[in-house]
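Observations on the model geometry
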Amino acid sequence: IKRTEILGELAERLGLADATGGELSEELVEQLARIKTVRGIVEWIGARSAPTPPPAAELEPPAAVGTPRSEGGDPSAGSGPTIPLRRFVVENTPLPAAPALADLLAAVSRGGDRPLEGNRFAVIDGGLGIGLELAALLEQYGAQVHTTSADAQAVAGHLATGAGADGIVYLAAIDQGAAAALPASFPLLKAAALAGSRRLLVATGTGGAFGRPTGEVAGPGVGLSGLVRTLAQEVPDLAVRLVDVDPKDAPDQLAGQLLVELLGSAGPFAVGAPIVIGNRRGSRTTPRVTERATVPAGAEVAGLAARLGPGSVVLLTGGARGITARVAVSLAARTGCAVELVGRTPLPTGTPDPALAGASDAPALRRALIAAGLRRPAEIEAKIGRVLAEREIAATMAALAATAAGVRYHAVDVRDGAALGAVVAGVYRRHGRLDGVVHGAGVLEDKLLADKTPESFARVFATKVDGAHALVEALHPDLGFLVLFGSVSGVYGNRGQVDYAAANDALDALAREWSGRFTGRVVSVDWGPWAADGPAGGGMVSAELEREYARRGIALIRPDEGVAALLGEIAGPARDPQVVYMCASAEAFGG
């Protein structure tokens, strides 16, 4: 986000923006983003013979980060459009039937035409024998097929060398008994997407309907839908699709269904076809985002009072900062419940630096630190981050101490399953109960696919997914509610967030699987972008990015509105295991 903001400002001042839309094209962003030094950027600009920027007096000053949205404001001035917060669910929508495999094979037999003559396919099998069946069918169409196991590390290297293939089919996530595909298979899928192939088909096995409405085991394919949707945005020359099938079908039947999807005129590679498709014995669907009514405010208040009180206990991961902290404070204020917080940042200790006492936000802290003698930018920014984090944690703990029946903070990384399990066990031991859990922990390490390392992908993915697994394994069946914080990136995919999109999509699938595991409700809440909240920021969107969203018809979620919506989900009668909240239409993010 920050890189895009800086490059967008640079483009505007130097006249590099698209003349038709006034924006920096994605191609130029990617070129600039790969340059790692200021000298390199200067040379790049010089090589393009950029026009001379206007005099400094003519330049419009940039909008301040965190400028609040005003009602009915001008989007171009940094105040986003006034769009109410809307609630959506994700449902399967029927698609036209694909042609029968027998008809496709008969057409080839009659005409003698082999439409895949000379095409090379790499089929990555998963142990059920589907790959061999599919290879035989592809060969009938004239293709040359290489079949291998997903465990063979040579696959990624083979594709990365340029030997490549015209089409790549990944089948390892169909077998529900297999190990999780992500994060282990990310290097392979990254290589496949960037190998110069024309087609990439990824298959999963949650019943041919993505585990909907509920109950199917999420299996090894969790997160692959979010990853595939992001690949489609980042690698536009690659026709990439995901097909969900029922692994209980015979291997030859599944191979036939996948061949139909690969080659049929109504298949996923047809122009305008959905990126994600379910095929259950020829009955085809795709997930769609559909608007649903919100929970009335009165029902939310009454429902909370019925579910939680001073004797109740709620645990929240994500620390004593940001949106999770606001949720904790609001729950305590409305119900008086006890609050247990889990976060990576240690509680602040010692006496605050008096030289920074009057600096209330990042710019003021920056000036104070420079005046105190700090010179290295990285050291200054790190210090600012620590100070703001400690202040926010202290403020949250003080607010909770005033209203909660009790408050305790645990400095634990949620990726450490044993440590997180011990925290949950301690809550049950001390309180004798745990009424609700909000899993809000998450990290961002945004990079385009070409620059995303396996280690970074694993960190982002594990924080959400491994943390959720560790919680569920430690929780008792009588839990009142489990809320998983997701994102619209998991629903639509998002450039530069292949890991974050995959992680949030995985939470959606796990919420459907776990919906019957506890007495209370399990729900994954996929949020649109939030507005900043206070000097430390509670959202992820500055004024520059807010203007970009406004151009796309997307407003920011006000923190008070978002928290109220979440409390409504906890208190209300709805049972949807996945909901989407955003200040936008269902189509605004491209869905």
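The following refers to the structure shown. (Residues numbered from 1 in each chain as written. Predicted model: local features only at pLDDT ≥ 70, side-chain atom pairs only at ≥ 80, totals over all residues. Heavy atoms only, no water.)

Observations concerning the overall build of the protein chain
Scanning the protein chain from terminus to terminus reveals 19 helices and 15 strands. Expressed as a percentage of contacts within the protein chain between residues at least 6 apart in sequence, the contacts between residues at least 24 apart total 79%. Carbon together with sulfur atoms contributes 54% to the accessible area of the protein chain, which is approximately 25,100 Å² in total. (Helix = DSSP H or I, 4+ residues; strand = E, 2+ residues; numbered from the N terminus. Contact = heavy atoms within 4.5 Å. Areas by Shrake-Rupley, 256 points an atom, 1.4 Å probe, with all protein chains shown as cover.)

Side note on helix α19 (residues 559-571)
Across its 13 residues, α19 extends 18 Å between first and last C-alpha, which sits within 8% of the 18 Å expected from 1.5 Å per residue. Those residues of α19 that fall on the buried side of the exposure criterion are P559, G562, V563, A565, L566, L567, G568, E569, I570 and A571. (Expected span 1.5 Å × (residues − 1). Buried < 20%, exposed > 50% of the residue type's maximum accessible area, 1.4 Å probe, protein only.)

A word on the pattern of salt bridges
Per the stated rule, a full pass over the model turns up 20 salt bridges. When the shortest N-O distance is used, the salt bridge between E261 and R284 registers 2.9 Å. Residue E261 is found in helix α9 (residues 251-263), and its partner R284 is found in strand β8 (residues 283-292); the two are separated by 23 residues along the sequence. Taken individually, E261 and R284 each receive the classification buried, so the pair is uniform in this respect. Between E561 and R558 there is a salt bridge, with the nearest N and O atoms lying 3.9 Å from each other. If you follow the salt bridges from partner to partner, you end up with D246, K248, D249, R280 and R281 in one network. (Salt bridge = Lys/Arg side-chain N within 4 Å of Asp/Glu carboxyl O.)

Regarding the environment of L471
Checked against the element boundaries, L471 lands in helix α15 (residues 454-474). Apart from residues lying up to four places away in sequence, L471 is in contact with L315, T317, L420, V424, V437 and H439.

Describing the packing of aromatic side chains
In this structure the tally under the stated criterion is six aromatic pairs. Plain terms: the ring middles of F186 and F457 are 4.3 Å apart, the flat faces sit at 15 degrees to each other, and that makes the pair stacked. With F186 in helix α7 (residues 186-193) and F457 in helix α15, this residue pair connects regions lying 271 residues apart in the sequence. Each member of the pair, F186 as well as F457, is classed as buried. The rings of F485, W527, W530 and Y581 are connected pair by pair, giving a single aromatic cluster. (Phe/Tyr/Trp six-rings, centres within 6.5 Å; stacked < 30°, edge-to-face > 60°.)

Notes on the environment of L258
With respect to the element layout, L258 can be found in helix α9. When the C-alpha atoms of L258 and L101 are compared, they prove to be 9.6 Å apart, with 157 residues separating the residues in sequence. Look past the residues within four positions of L258 in its chain and what remains in contact with it is I130, L171, I174, L201, A203, V243 and V245.

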